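# Coordinate inspection notes
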Amino acid sequence: MSVPQYRRVAALALAAGLGLSLAACSTKSDDSGVAGGKVTITVDCQPVGAQKELLKNWNDDVAEFQRQHPDIVVKSVSVGEQCNNPPDFTARLAGGTVTDVFYGYMTDLAQVLDSGQAMDITAYATKDTIPTWDSVDPALREVFTDGGKLYGVPVKNYSMGLIYNRALFQRAGLDVNNPPKTWPEVRAAAKKISALGGGIAGYSEYSAGNTGGWHFTSLLYAQGGQVLSADGKKADFHNAAGRQVLQNLKDMRYGDNSMGSRQLLQWGDLLTNAGAGKVGMFIGAPDATQAIVSQFQGKYQDWAMGPLPGQDGPAVATLGGGEGYFFKKGLSPEQVKAGLQWIAYQKLTPGKGQFDYARAKPQNYPVGLPQPLLFRTGSDAQKQELDLRKANANLDTTNFAAFEANPVPIKGEPRNAQAIYAVLDAAMSGVLTNPNATIEALLKTAEDKVNQLLAASS
């Protein structure tokens, strides 16, 4: 499970370049984390200052949790957008600056284990520390498990579909209740939306910061392809499915000029444009609309979602993934239990933390989205969460009816996902920034690099 050497070097270089900013996130405590009869834990990914209501909610949750658990002190650490930037996460791992309880993607288990900083929490994750633990989807718990040992707790789960701007659809004469179901239909709609002018992109796409490779993977799944061979030892995208993904984008980018002139977009770039009403469609998970509203000043009534399009019919599959929290190796049993109790309160209890829909309803924050899907269908927690979501919905849930009514089979992320996504970024950026780029050459180069990566990590 070794991380490829070139990523190690890049991570160390980034850590050195970030210097004091990373050092500021370092959180050293005594051996037990216990002082004056209280257990202290540090937790990252506190909302950034610009997210005022979310930050207040977080701080209120910390205060209430500490009131209920007077023997626990939660110290919040904000690492800004680093929580949405995989290379920065890798740098914090390499620099040894992760917090006691630290955020990571579902794709991060291998590199967290390879860093030597992950703690086995199997013995501590029980109904005593997480009352809803039996309701958490076993498949999600398995994502954070290796060799029968649990190293993390899932706190969010998603699958991708087609997100579209209803206001722009209406202006372009498109049916706001009938989103495109195939890529030819996406292309036709994108042309009509971009024809509105004003710098509007009919369809927008990522191509940097590992996000391009992430989306390439979902688009590949829609075509019936897979990133790796069945045994996980070879790249498996230099084929008709991979060519079709890049050809669709090339046709829209240069044949139709419907994707806008600015490319090399990362997560925040695309959503900033979407919040400004400059994006007609993009692929993403339901919570992308939350980010558009809460972080990028968008209006949730403008956004709707349909299933991920296939080439000439329904998509064969779509990408599913999510995130969770790991525990830094060397914590005391008291700290691990405290961290699990905090996660239970803030992330896994219907009516509390991220599920406090009654609190979120009057705020500028969408309630009613079909996400996060954390709990096993039919479980008590799943029923409670669904009832609370419906009772407090502050958006028109029919805008997501097409997505919910036409579920696409979910396919997980490949082994070494973030490293592979970094390689595939180049294929995405190449086809979106160079009209003379050769799709075969882009895929062959990516294939060779992924095969080298897999050989180095075996």
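All of the points below concern the structure found in this document. (Residues numbered from 1 in each chain as written. Predicted model: local features only at pLDDT ≥ 70, side-chain atom pairs only at ≥ 80, totals over all residues. Heavy atoms only, no water.)

## Here's the deal with the sheet that holds strand 9 (residues 281-284)
A sheet is described by the order of its strands in space; here 3 strands give the open sequence 9-8-10, paired in antiparallel fashion. Among the strands making up the open sheet, the edge pair consists of strand 9 and strand 10 (303-307). Looking at each pair of strands side by side, their axes are set apart by 30° on average, direction ignored. With 4 bridges joining them, strand 8 (residues 161-165) and strand 9 adopt antiparallel strand pairing. The residue bridging tyrosine 164 from the neighbouring strand is methionine 281, located in strand 9. (Pairing = 2+ DSSP bridges. Helix = DSSP H or I, 4+ residues; strand = E, 2+ residues; numbered from the N terminus. Axes fitted to C-alpha atoms, helices over the stretch in contact; angles between N-to-C directions.)

## Comments concerning the packing of helix 11 (residues 267-275) against helix 12 (residues 287-294)
Contact geometry of helix 11 with helix 12 gives a least axis separation of 9 Å together with a crossing angle of 70°. The orientation of helix 11 relative to helix 12 falls into the category roughly perpendicular. Regarding helix 11 and helix 12, the two cross each other, and that crossing is right-handed. On the side of helix 11, the interface is formed by Trp267, Leu271, Ala274 and Gly275, while helix 12 contributes Ala288, Ala291 and Ile292. Across the contact of helix 11 with helix 12, the residue classes tally to 6 nonpolar, 1 polar and no charged. (Parallel < 35°, antiparallel > 145°, perpendicular 65-115°, else oblique. Left-handed = near helix turned anticlockwise from the far one by under 90°. Contact = heavy atoms within 4.5 Å. Nonpolar A, V, L, I, M, F, W, Y, C, P; charged D, E, K, R; others polar.)

## Concerning the packing of aromatic side chains
Applying the stated criterion across every chain yields a total of 18 aromatic pairs. Ring plane angle 90° and centroid distance 5.6 Å describe the contact between tryptophan 183 and tyrosine 203, whose orientation is recorded as edge-to-face. Taken together, the residues tryptophan 183 in helix 8 (residues 183-194) and tyrosine 203 in the loop between helix 8 and helix 9 (211-222) connect sequence positions 20 residues apart. Ring centres 6.1 Å apart and planes at 70° place the aromatic pair phenylalanine 282 and tryptophan 303 in the edge-to-face group. Of the two residues, phenylalanine 282 sits in strand 9 while tryptophan 303 sits in strand 10, which places them 21 residues apart along the sequence. Judged by relative accessible area, phenylalanine 282 falls into the buried class, the value being 1%. (Phe/Tyr/Trp six-rings, centres within 6.5 Å; stacked < 30°, edge-to-face > 60°. Buried < 20%, exposed > 50% of the residue type's maximum accessible area, 1.4 Å probe, protein only.)

## What about the pairing of strand 10?
Summarising burial for strand 10: 5 of the 5 residues are buried, a large majority. In this structure, strand 8 lies alongside strand 10, joined through 5 bridges in antiparallel fashion. Looking at the pairing, leucine 162 lines up with glycine 306 of strand 10.

## Regarding the side chain of glutamine 371
By the element assignment, glutamine 371 lies in the loop between helix 14 (357-360) and helix 15 (380-392). Take glutamine 371: its relative accessible area is 7%, and that puts it in the buried class. A polar contact of 3.2 Å, which involves the side chain of glutamine 371, links it to the backbone nitrogen of aspartate 287. (Polar contact = N/O pair within 3.5 Å; in protein donor to acceptor, adjacent residues only side chain to side chain.)

## Describing helix 3 (residues 52-68)
With 17 residues, helix 3 extends 24 Å between its outermost C-alpha atoms, agreeing within 8% with the 24 Å of an ideal straight helix rising 1.5 Å per residue. Leu54, Leu55, Asn57, Trp58, Asp61, Val62 and Phe65 are the residues of helix 3 that are buried. Take helix 3 and look down its axis: the buried residues cluster within an arc of 160°, on one side only. Exposed side of helix 3, more than 90 degrees from the buried face: Lys52, Lys56 and Arg67 are the residues found there. Summarising the contacts, the buried residues of helix 3 are in contact with strand 2 (38-44), strand 3 (72-77), helix 12, strand 11 (318-327), helix 13 (333-347) and helix 14. (Expected span 1.5 Å × (residues − 1). Arc of directions from axis to C-beta.)

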